[in-house]
Structures are given as structure tokens and as C-alpha cells.
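The lines below spell out each chain.
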Amino acid sequence: MRILIGVTGCIAAYKACEVIRGFQKAGHEVSVVLTESAKEFVGEATFRALADGRVCSSLFADEDPIPHIALAREADAFLIAPCTANVAAKIAHGIADDLLTSTALACTCPFIVAPAMNVHMYDSAATQENLRTLEERGAFLIRPEEGYLACGDNGRGRFPDPEAVVQMTLEHMAEDLPLVGKRILITSGPTLEPVDEVRFISNRSSGKMGACLVQAALDAGAEVEIVSGPVPLSYDGRAKIRFVETAQEMMEAAKEAFPESDIAICAAAVSDMRPARAHEGKLKKGRDDDALGAIELVQNPDILSGLCQMKRAGQVVVGFAAETEDVVEQAREKLARKGADMILANLVGQGRGFGRDESEAWIVTEEGVTELGCRSKKEIAKAILELLSLNRAVEGDRA
Ligand code: C5P
């Protein structure tokens, strides 16, 4: 998941560095947004060295003219740690006069606030009311601890142990994850159909879409099993992974995993055909000219259709369609023909689609069409999982 950490101008700002490390150790990516005052305590360079995502503090310095919207969109959670009385007050009142507060207003993801300040500032009626307002609007508060404060006072206001802040944030996020208790099977990557022992028929699938789906499904709280063809990338280690080569192997593995799954997402670019026989050794020019000149092909099983035929009530199957024209129309036809519940339709050709990080996409279901536009594969995966989370068939039998 991508955690956005907001750092404000508080002596505890240095503890945000350890919070970043904590999230990274737990396998999450971190972006940072700083207020101008935060930079008086810890320099932007320190955060740049630590964070794996963006580190920014200005609404105007970035190449992106609307960085607060991009930051808000990318974030799976926004944690302000430490949060000063001033920033809590601004957010409670909808003031958006810098990058951090504008981002807070634009965020729709879980919002977590870890206030830290002098005991009297914390106890003041204004701060307490502002924090209550944030809580009533859905923010999760990580309360400061009691103890000696930087100013010499003793009382509530200390920023808690960074590890505890990470833990509480992750636990809070897990509570609300929409697909907790659900199992998702994802097919990904190309298949590889042997001609002989050294040659094969395959395609340009990179597995990137599958990897993004795996991440999005895990982030939504699901248990994930991947059946993948050979890909030059690594999947999130939290998923169960089974590598296969051929379409037939992929079919067997998918059929084995499907009965235990609530959702199957067939993102693999399965080769539609395979050589009728895989020759032993290597076919040689001169000796095997007939076999080299005419490789006899047979059709591969359609895994998506196969799973749809096995589908029992409550299970949901998602397919993909890569088309060069009439994308939505063809996706509708595929939805009906294969018996899927959802088709993610991509516009491909002319350099689009395969191997790229973004794609122009539509989500097609019986209920209608959602146009996603040109989005990163990460965002497309997130949109698919969001829709699956809302799906009544999935929601209906949740434990
Ligand atoms: O028919 P077409 O190949 O365009 O359908 C694409 C969708 O069907 C994808 O979801 C793909 O994973 C799936 N598929 C499959 N088995 C095949 C061919 C496609 O599961 N043999």
C-alpha cells in the first residue's frame, strides 16, 4: 500500500523518519508531504533519502500543477504524524492554504492523525474540539502519550513510539478493508507453448497488470493465490504463487484453486494455440524441414470460460479483453459469451497496452460500463477491486 505521511512543524518531526521506516519494513511504500514549518525541524533532503515515493511541500514547485490531488489519489492512507494544533485546527475548519492541508481536504482514503504538542496546547478547548471534529468526520486519532515534553512540561502531548504509530495505523486500516476473509485467484502473465525443447510460442504479456491486481487485492484485505506464467517481475510476497508454463498447466492450476476462491481474475494472456506436439530435442534445419516449415497448431482451452462453467452461486469471475477497436462492444460480447461477471476492456495496438505501465480501459458488467480513461495499471487494478468490493454477489455472503 502507499502510505502518505504528513509531517508538520513539531519537535517530534524527526520521529516521522522512524515511522517511514516502520511502514517500509511492513512492505508499504511511503510518500511524504511536509509543511514549511516541518522543514525547520527536519530537512526535505532527509525525507527524500528515506521515502520511496514523492516528497513535497509546495502546491506550486512541482511539475504537476495540482500535486495535492495526485497525492490524495495515490494514497491508500493519509497519516499526519506528528500533527500540530495549528494543522489539526486548519483541517477541522476546511482550510487548505498549503500542500498538506489541501491534500487532507482532497483525500478520500483512511485518515489518521497523531497529534503531538505541549500539554496545555493539547488540553485547550480549541484543540480538543478540533480533534473531536476530525474524529466525528471519520479520522482515526492516535492519542499522544503522557510524559516529559520537549518544553519541560510534564503531561499529555508526547508523540508515541513510532513503531506503535505504525502498528495502530495498519490495524486501523485492516479493520475497514473491504475484502477481508475473501480469497482471490489471479491468473497472470503469458503462457509459453513449446515447439521443441528450445523454442516456444508466447506473447508480449509482462505480467504487470497481474502484479498490480495482486497488490490491490492484498491491499483490500483479500487472501491471494496467483497462477502465473513466466514473468520478469516478482509478485508481492504476501500472495501464494504458483508458476506454470503452458495454458494447459495454467488451466489445471486455476481449476484446482477456483473452488476455494470467492473471486477469480483472469488477467493472464493465455496463448490461444499451442503446437500439436512438442518435439523432443531441437528441430534442425535440413533434417526437420517439414516440421519447421509447418508447425501444426491446436487450440488451447479457454481458462476464463472453464472457470465460468464451474462457477457456483456467490463466486465472481473477471476477465480481460484487449481490443484494437470497438472495445466496449466486444467486451460486452465477451462478457456474455464467456459467462463472466466483469470484463476489463483495454484499448491496445499502436504501442498501447502490453508491457506499458498505463492503459486506456473500461469496466464492463451486465449493469453497465465504467469508463476509466487512460490510467496507470495500478489505478486500473484499484478500480477493479473497488468495484468488486461493492459487488453485491461478493458482499452478500461476507462472513
Ligand atoms: O478471448 P480472449 O483471449 O480475448 O479473452 C481474454 C480473456 O480470456 C482474458 O481474461 C484471458 O485471461 C482469458 N483467456 C483464458 N484462456 C484462454 C484465452 C483467454 O482464460 N485460452
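First, a word on what this report is: a plain description of the structure on this page. (Residues numbered from 1 in each chain as written. Predicted model: local features only at pLDDT ≥ 70, side-chain atom pairs only at ≥ 80, totals over all residues. Heavy atoms only, no water.)

## Here we look at the sheet that holds strand 4 (residues 77-83)
Across the sheet, which stays open at both edges, the 6 strands sit in the order 3-2-1-4-5-6 with parallel pairing between neighbours. Single-partner strands in this sheet number two, and they are strand 3 (55-56) and strand 6 (140-141). Note that strand 1 (residues 2-7) and strand 2 (residues 29-34) share 6 bridges and pair parallel. Counterpart to I3 in the pairing with strand 2 is V30. (Pairing = 2+ DSSP bridges. Helix = DSSP H or I, 4+ residues; strand = E, 2+ residues; numbered from the N terminus.)

## Let's talk about the layout of surface pockets
Remark: the empty space left among the atoms is shown by a probe the size of a water molecule rolled over them. Considered as a void within the structure, the largest pocket measures approximately 1,000 Å³ in volume. If you trace the largest pocket, you find 32 residues lining it, with R73, A75, D76, K382 and E386 closest to the centre. Those elements giving two or more residues to the lining of the largest pocket turn out to be helix 4 (67-74), helix 10 (208-219), strand 20 (369-376) and helix 15 (377-390). The dominant element in the lining of the largest pocket, judged by the number of residues it contributes, is helix 15, at 8 residues. Reported here for the second largest pocket is a volume of approximately 790 Å³. In terms of lining residues, the second largest pocket is bounded by 35 residues, among which A267, A268, A269, V270 and F320 are the most central. Of all the secondary-structure elements, those providing two or more residues to the lining of the second largest pocket are strand 9 (183-188), helix 10, helix 13 (303-310), strand 17 (316-323) and helix 14 (327-338). (1 Å grid on protein atoms, 1.4 Å probe; cavity = no way out; pocket = protein on both sides within 12 Å on 5 of 7 lines; lining within 4 Å. Points joined across faces, edges and corners; volume = space filled by probe spheres on them.)

## Description of the site of the ligand
Taken together, C266, A268, V270, D272, P301, D302, I303, L304, G319, F320, K334 and K338 make up the full set of residues adjacent to the ligand. A distance of 2.6 Å is found between an oxygen atom of the ligand and a backbone nitrogen or oxygen belonging to C266. Side-chain polar atom of K338 to an oxygen atom of the ligand: 2.8 Å apart, as the coordinates give it. If the ligand stood free it would expose 440 Å²; the protein chains cover 85% of that surface. Placement of the ligand is best described as lying within the second largest pocket. Those elements that place two or more of their residues in the shell around the ligand are helix 13, strand 17 and helix 14. Class assignment of the residues belonging to the shell around the ligand gives a composition of 7 nonpolar, 1 polar and 4 charged. (Near = heavy atom within 4 Å. Polar contact = N/O pair within 3.5 Å; in protein donor to acceptor, adjacent residues only side chain to side chain. Areas by Shrake-Rupley, 256 points an atom, 1.4 Å probe, with all protein chains shown as cover. Sits in = over half its atoms within 2 Å of the grid points. Nonpolar A, V, L, I, M, F, W, Y, C, P; charged D, E, K, R; others polar.)

## Considering the pairing of strand 2
When you tally the buried positions in strand 2, you get 5 out of 6 residues, the bulk of the element. At this point the chain moves from strand 1, through helix 1 (residues 15-25), to the parallel strand 2, and the crossover so formed is right-handed. Across 2 bridges, strand 2 lies against strand 3 in parallel orientation. Its bridge partner being in strand 3, V32 is matched across the sheet by V55. (Buried < 20%, exposed > 50% of the residue type's maximum accessible area, 1.4 Å probe, protein only. Right-handed = clockwise from strand over helix to strand, strands pointing away.)

## Structural notes on the pattern of salt bridges
Applying the stated criterion across every chain yields a total of 24 salt bridges. Of the charged contacts, one joins E29 and R2 as a salt bridge, the two residues approaching to 2.5 Å between their closest N and O atoms. Here E29, found in strand 2, pairs with R2, found in strand 1; they are 27 residues apart in sequence, far enough to count as distant. For E29, a relative accessible area of 30% puts it in the partly exposed group. Linking D97 and K90 is a salt bridge whose minimum nitrogen-to-oxygen distance equals 2.8 Å. Because the salt bridges share partners, they merge into one network encompassing E36, K39, E44 and R48. (Salt bridge = Lys/Arg side-chain N within 4 Å of Asp/Glu carboxyl O.)

## Description of a nonpolar patch on the surface
The grouping of M273, I295 and L297 at the surface amounts to a nonpolar patch, some 230 Å² of accessible area in total. Positionally, M273 belongs in strand 15 (residues 273-275). Taking relative accessible area as the criterion, M273 reaches 34% and is therefore assigned partly exposed. (Patch = residues over 30% accessible without salt bridge, like charges linked within 9 Å, V, L, I, M, F, W, Y side chains within 5 Å.)

## Regarding the nonpolar core
Ranked by size, the top nonpolar core spans 35 residues in total, and within it I184, L213, I265, I384, L385 and L388 carry the most contacts. Secondary structure elements with two or more residues in this core: strand 9, helix 10, strand 12 (223-228), strand 14 (263-266), strand 17, strand 18 (342-347), strand 19 (358-365) and helix 15. Dropping the residues within four chain positions of it, L385 is found in contact with L179, I184, L213, A216, A217 and I265. With 33 residues, the next largest nonpolar core counts A12, L34, L50 and L170 among its residues. (Core = buried A, V, L, I, M, F, W, Y, C linked by side-chain atoms within 4.5 Å. Contact = heavy atoms within 4.5 Å.)

## Concerning the packing of helix 4 against helix 6 (residues 99-106)
Helix 6 packs onto helix 4 with a crossing angle of 50° between their chain directions and a minimal axis gap of 8 Å. Here helix 4 lies oblique to helix 6, going by the angle between them. For the pair helix 4 and helix 6, the crossing hand works out as right-handed. Across from P67, H68, I69, L71 and A72 in helix 4, the residues of helix 6 making contact are L99, S102, T103 and A106. (Axes fitted to C-alpha atoms, helices over the stretch in contact; angles between N-to-C directions. Parallel < 35°, antiparallel > 145°, perpendicular 65-115°, else oblique. Left-handed = near helix turned anticlockwise from the far one by under 90°.)

## Concerning helix 6
Along helix 6, 6 of the 8 residues are buried, which leaves the element largely enclosed by surrounding structure. For helix 6, the set of buried residues is L99, L100, T101, S102, T103 and A104.

## A closer look at the packing of aromatic side chains
Tallying each qualifying case throughout the model produces 2 aromatic pairs. Centre to centre, the rings of F78 and F111 are 5.7 Å apart; their planes meet at 40°, and the pair counts as tilted. With F78 in strand 4 and F111 in strand 5 (residues 111-115), this pair connects stretches of sequence that are 33 residues apart. Both residues of the pair, F78 and F111, belong to the buried class. (Phe/Tyr/Trp six-rings, centres within 6.5 Å; stacked < 30°, edge-to-face > 60°.)

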